[in-house]
Amino acid sequence: MSQTHIPLEWLKMSEEVRAALVAGRPVVALESTLVAHGLPWPTNLETARASEVAVRAAGAAPATIAVLNGVPTVGLTDSQLEDLAQLPNVRKASRRDLGAAVALKQHAATTVSATMAIAHAAGLRVFATGGLGGAHRGAEPFDISADLTELARTPVLVVCAGAKSILHLPRTLEILETLGVPVVGYRTDAFPAFYVRDHTPPLPVSARVDSPEVAAALFAAHVRMGGAGAVLAQSCPADVAIPASEFDAWLLEAEREANTANVTGAKVTPFLLARLAELSNGRTLVANRALIVANAKLAAEVAVTLT
Ligand code: PSU
Ligand code: MN
């Protein structure tokens with residue numbers, strides 16, 4: 001598979017990304033919602049920078065993706081990254097919001113679904129994030145992330161620490177199965193739960209791989225046979241992962257507060273992540289940062305063997 005692609009006029013690419021694509025060198029997409037909405041200042045900027053460093057160290061070019069003044073941008077400069085990390089009123093754009101952000105000339109941070117869409121348009125195949133969105137807990141309010149449906153339609157490999165610990169993971173995995181999305185464990189048989197290493201009881205992945213080469217081969221075979229997106233999930237680094245017993249109490253409290261404050265829709269995930277950071281005295285931030293950087297490194301290793 002060649003990564004060379006005719007650049008589209010509706011998106012802007014950094015010189016580093018364009019040069020890498022033209023030369024057939026590996027590129028890794030990184031998202032911006034975790035910068036603008038998922039992590040507080042200054043951990044957000046530090047994490048974004050550390051991810052780019054990890055991608056370069058593994059031999060690939062980083063392409064952080066966002067919409068800037070209505071322009072989908074693949075590969076942000078450091079000052080653009082800093083703006084996104086600091087500016088108020090940056091829109092959180094999932095797939096359906098991209099057209100609005102462009103037409104209304106807004107700044108928008110892209111979620112997994114929107115980042116996949118832009119990455120694919122730019123010719124990128126590997127993308128790293130923290131944790132996927134998915135099916136939320138409880139029956140009401142009904143809330144399922146657009147990340148899942150995007151995986152069903154867009155051929156990008158999403159490297160993550162599983163789906164977020166705030167979600168209903170068994171339901172999330174059932175939906176991914178229905179949508180035909182492979183959920184591949186990297187050096188694990190159990191689907192990771194973001195800050196928490198493993199869900200109790202363990203949830204099976206659909207395949208396990210133990211090297212970047214086999215991960216790349218699995219994804220290439222999936223796409224060759226008409227598949228679209230795939231998930232490559234590795235556990236949060238053990239030294240900073242949070243034991244489920246401690247996490248569960250914080251989550252119940254954060255959920256209670258979200259209900260009382262009537263938080264719904266796109267605000268739910270950022271609200272819960274922010275409250276968990278406070279309730280845990282910053283421990284979830286340490287875990288979140290570490291898992292994001294580890295995923296960026298793994299994504300680069302896979303992109304290198306895919307190219
Ligand atoms: N990973 C993180 N922090 C985040 C996210 C991922 O470590 O904030 C973001 C991703 O952009 C993902 C979004 O798409 O959370 C899910 O939002 P929602 O539940 O509203 O679909
Ligand atoms: Mn939602």
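See the structure shown above.
### Concerning the nonpolar core
Within the largest apolar cluster, 81 residues are counted, with the highest numbers of intra-cluster contacts made by Val 74, Leu 124, Leu 132 and Phe 191. Per-element tally for this core: the top contributor is helix H6 (residues 112–122), with eight residues. Not counting the four nearest positions on each side in its chain, Leu 132 is found in contact with Val 112, Asp 147, Leu 151, Val 158, Cys 160, Gly 162, Ala 163, Lys 164, Leu 167, Leu 176 and Val 231.

### Looking at the environment of Pro 141
Inspection of the secondary structure puts Pro 141 in the loop between strand S7 (126–128) and helix H7 (146–153). Residues Pro 141 and Gly 265, 124 residues apart in the sequence, show an inter-C-alpha distance of 8.6 Å.

### Remarks on the site of ligand 1
By nearness alone, 19 residues border ligand 1, and Lys 92, Ser 145, Asp 147, Thr 269 and Asn 288 come closest of all. At a separation of 3.5 Å, a nitrogen atom of ligand 1 approaches a polar backbone atom of Gly 130. In isolation ligand 1 exposes 470 Å². Once the protein is present, 94% of that is buried. Of all elements in the fold, only helix H2 (33–38), helix H11 (268–279) and helix H12 (283–306) reach the threshold of two or more residues within the shell around ligand 1.

### Brief notes about the pairing of strand S2 (residues 27–30)
Judged by which residues are buried, S2 turns out to be covered on both faces: Val 27 and Ala 29 on one side and Val 28 and Leu 30 on the other are all buried. Note: S2 against strand S3 (residues 61–68), four bridges, orientation parallel. Across the sheet, the residue bridging to Ala 29 is Ala 63, located in S3. Strand direction decides the pairing type here: S2 and S7, joined by three bridges, are parallel. When the bridges of S7 are listed, Val 28 appears paired with Val 126.

### Overview of helix H8 (residues 169–178)
Residues Leu 169, Thr 172, Leu 173 and Leu 176 constitute the buried set of H8. The arc enclosing the buried residues of H8, seen along the axis, measures out at 95°, which places them on a common side. Of the exposed residues in H8, those oriented more than 90 degrees away from the buried face are Glu 177 and Thr 178. At its buried positions, H8 is contacted by H7, strand S9 (183–186) and strand S10 (192–193). One or two steps after H8, the chain reaches Gly 180, where phi turns positive at roughly 75°.

Cut-offs and rules
Residues numbered from 1 in each chain as written. Chains lettered and ligands numbered in written order. Predicted model: local features only at pLDDT ≥ 70, side-chain atom pairs only at ≥ 80, totals over all residues. Heavy atoms only, no water. Core = buried A, V, L, I, M, F, W, Y, C linked by side-chain atoms within 4.5 Å. Buried < 20%, exposed > 50% of the residue type's maximum accessible area, 1.4 Å probe, protein only. Helix = DSSP H or I, 4+ residues; strand = E, 2+ residues; numbered from the N terminus. Contact = heavy atoms within 4.5 Å. Near = heavy atom within 4 Å. Polar contact = N/O pair within 3.5 Å; in protein donor to acceptor, adjacent residues only side chain to side chain. Areas by Shrake-Rupley, 256 points an atom, 1.4 Å probe, with all protein chains shown as cover. Pairing = 2+ DSSP bridges. Arc of directions from axis to C-beta.

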